[in-house]
Amino acid sequence: METIYQGRRRAIAALGTGMGGLLLGAAARPAWGAWRPDQNVEFVVPAGPGGALDQTGRAMKQFYDESHVPGGKTFLVTNKPGANGKIAFEVLLQKRADPHYLSINSHGYISSYLTGNLDILPHRDLTPIAVIQDEFVVAAVRTESPIQSAADLAERLRRDPASQRIGVATSIGNHIHIGTAKALGAAGVDVRKLVVAPFKSSAESMVALVGGHLDVVAATTPNVIALKKAGKIRVLAVSAGQRLGGQFADVPTWKEQGIDSTFSSAMGIVAAKGISEDQIQFWEDMCRRMSQSPMWEQLAETNQSRPNFMGHRDAARFYEEEYQSMREIVAKLGLLGAGK
């Protein structure tokens, strides 16, 4: 079956690159603009170690380090999970006009705001720097589970929506929850009665699944690869419009199983409010170069995410448009918070 990633796989193979030692060619020596970091940089990950958000922060650190930014300032990655992202975002809120602090935005924080679980919108209350990729959501069970397919899961949940314990990270009402609820709702499940448990990271929810504490985990593609390769989980469905490649070549879409639903989440980078145009431009250029690098292409190939760069202004417009679209989805699923 032709997949949307075969062409990219061929291109990456031709480059002969590996994740470990990739440099940037001409992009490794960019013409730096009017501003560059003059203090250590802190990338605050709003989730625990090991998941997709953490991978993004550490990939950006690798790219920054390999870019040899003049001045040699250290790029730090810190994990501050909890409170639906608010703990991490609070760091940036307290560092207004300081360009040395970065974090991650996604559809998850839009939906958490809409469901009343988060009281800030990153694209409004912080500074959108760029969108860097789209992610897809999967549903997975233990290999020993009697649930064999997404259609099987939907049938069980139609009969009893509370019959399966479902894990998500990092919060109730985030993009993983909404993307999964959208598909189950399209299958006729009363999604307001689902039993959904939040975890600090998808790494933790996957451990709980394998340990028998959950029946189902919903997560983005990077978070299930290791356990799928190890044969410990069965991935039931992916939210993409067509089948992915790599480790997910054997995973059908929801649509292939008779459930008319697709979903993706755009991951982006944000900085503190009030930073200057030169500072925005520096980080936008850094994100653009990273999104064009063989390292990022290979990470996207491994994780089966989709590189999708948008700069500062386009990202701000995009997230505002997606806010309106997500509001319709959340309202339709009966999850819209009071006053939203």
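One structure accompanies this document, and this report is about it. For every chain, the first residue of its written sequence is number 1, and the numbers climb from 1 along that sequence. This being a predicted model, a pLDDT of at least 70 is required before a residue's local features are given, and a value of 80 or more before pairs of side-chain atoms are given or counted; all residues contribute to the totals for chains, interfaces and linings. Each side-chain value is derived from all of the structure's non-hydrogen atoms; neither hydrogens nor water enter the calculation.

## Let's talk about the packing of helix H2 (residues 52-67) against helix H11 (residues 294-303)
Then, in step 1: One way to put it is that H2 packs onto H11 with a least axis distance of 11 Å and a crossing angle of 160°. Between H2 and H11, the crossing angle belongs to the class labelled roughly antiparallel. In the crossing of H2 with H11, the sense of the turn from one axis to the other is right-handed. Contacts between H2 and H11 involve Gln55, Thr56, Ala59, Gln62 and Phe63 from the former and Met295, Trp296, Leu299 and Asn303 from the latter.
Then, in step 2: Residue composition of the contact of H2 with H11, by class: five nonpolar, four polar and no charged. Here an axis means a line fitted to C-alpha atoms, over the contact stretch when the element is a helix, while the angle between two N-to-C directions is reported on a 0 to 180 degree scale. Note on conventions: DSSP H or I runs of at least 4 residues are helices, E runs of at least 2 residues are strands, and numbering of each starts at the N terminus. Note that the term roughly parallel is reserved for angles under 35 degrees, roughly antiparallel for angles over 145, roughly perpendicular for angles of 65 to 115, and oblique for everything else. Throughout, a crossing is termed right-handed when the near helix is turned clockwise from the far one, and left-handed when it is turned anticlockwise from it by less than a right angle. Here a residue-residue contact requires only that any non-hydrogen atoms of the pair lie within 4.5 Å. Here the term charged refers only to Asp, Glu, Lys and Arg, the term nonpolar to Ala, Val, Leu, Ile, Met, Phe, Trp, Tyr, Cys and Pro, and the term polar to all other amino acids, Gly among them.

## Description of the packing of aromatic side chains
Then, in step 1: Two aromatic rings, drawn from Phe, Tyr or Trp (for Trp, its six-membered ring), form a pair once their centres lie within 6.5 Å of each other, and the interplanar angle then sorts them: stacked below 30 degrees, edge-to-face above 60, tilted otherwise. Under the counting rule described, the total for this entry stands at eight aromatic pairs.
Then, in step 2: Relative to tyrosine 109, the ring of phenylalanine 89 lies with its centre 4.9 Å away and its plane at 80°, an arrangement referred to as edge-to-face. Residue phenylalanine 89 is located in helix H3 (residues 86-93), and its partner tyrosine 109 is located in helix H4 (residues 107-114); the two are separated by 20 residues in the primary sequence. Each member of the pair, phenylalanine 89 as well as tyrosine 109, carries the same accessibility label: buried.
Then, in step 3: Clustering of aromatic rings is evident, with ring pairs tying together Trp35, Phe43, Tyr64, Phe75, Phe282 and Trp283.
Then, in step 4: A ring is considered to have a charge above it if a Lys NZ or an Arg CZ atom is located within 6 Å of its centre and within 35 degrees of its normal. Above the ring of tyrosine 323, the side-chain terminus of arginine 124 is found at 4.5 Å from the ring centroid. A simple rule labels every residue: compare its accessible area, found with a 1.4 Å probe on the protein chains alone, to the largest value its type can have, and call it buried under 20%, exposed over 50%, or partly exposed in between.

## Points about the sheet that holds strand S7 (residues 195-199)
Then, in step 1: DSSP bridges decide pairing: two strands pair if at least two such bridges lie between them. Strands sit in the order S7-S6-S8-S5-S9 across an open sheet of five strands; the sheet is mixed. Looking at strand neighbours, the two that pair on one side only are S7 and strand S9 (233-238), the edges of this open sheet. Taking the axes of each pair of neighbouring strands and ignoring which way they run, one obtains an average angle of 30° across the sheet.
Then, in step 2: Sheet contacts for helix H8 (residues 202-210): strand S5 (137-142), strand S6 (165-169), S7, strand S8 (216-220) and S9; angle to S8, the most-contacted strand, approximately 155°.

## Quick notes on H8
Then, in step 1: For H8, the full list of buried residues reads Ser202, Ser205, Met206, Ala208 and Leu209. The buried residues of H8 occupy an angular sector of 160° when the element is viewed end-on, so they sit on one face.
Then, in step 2: Two residues or fewer past H8, glycine 212 is found with a positive phi of approximately 85°. In this description, the arc belongs to the directions extending from the helix axis to the C-beta atoms.

## Thoughts on the side chain of asparagine 223
Then, in step 1: Considering the arrangement of structural elements, one finds asparagine 223 in the loop between S8 and helix H9 (225-229).
Then, in step 2: Given a relative accessible area of 12%, asparagine 223 falls into the buried group.
Then, in step 3: Side-chain atoms alone can form a polar contact between residues adjacent in sequence; in general such a contact is a pair of N or O atoms within 3.5 Å, and within protein one must be able to donate a hydrogen while the other accepts it. Polar side-chain contacts of asparagine 223 include one of 3.1 Å to the backbone nitrogen of alanine 52.

## Considerations on the environment of glycine 211
Then, in step 1: In this fold, glycine 211 is placed in the loop between H8 and S8.
Then, in step 2: C-alpha of glycine 211 to C-alpha of methionine 60: the two residues are 151 residues apart in sequence and 32 Å apart in space.

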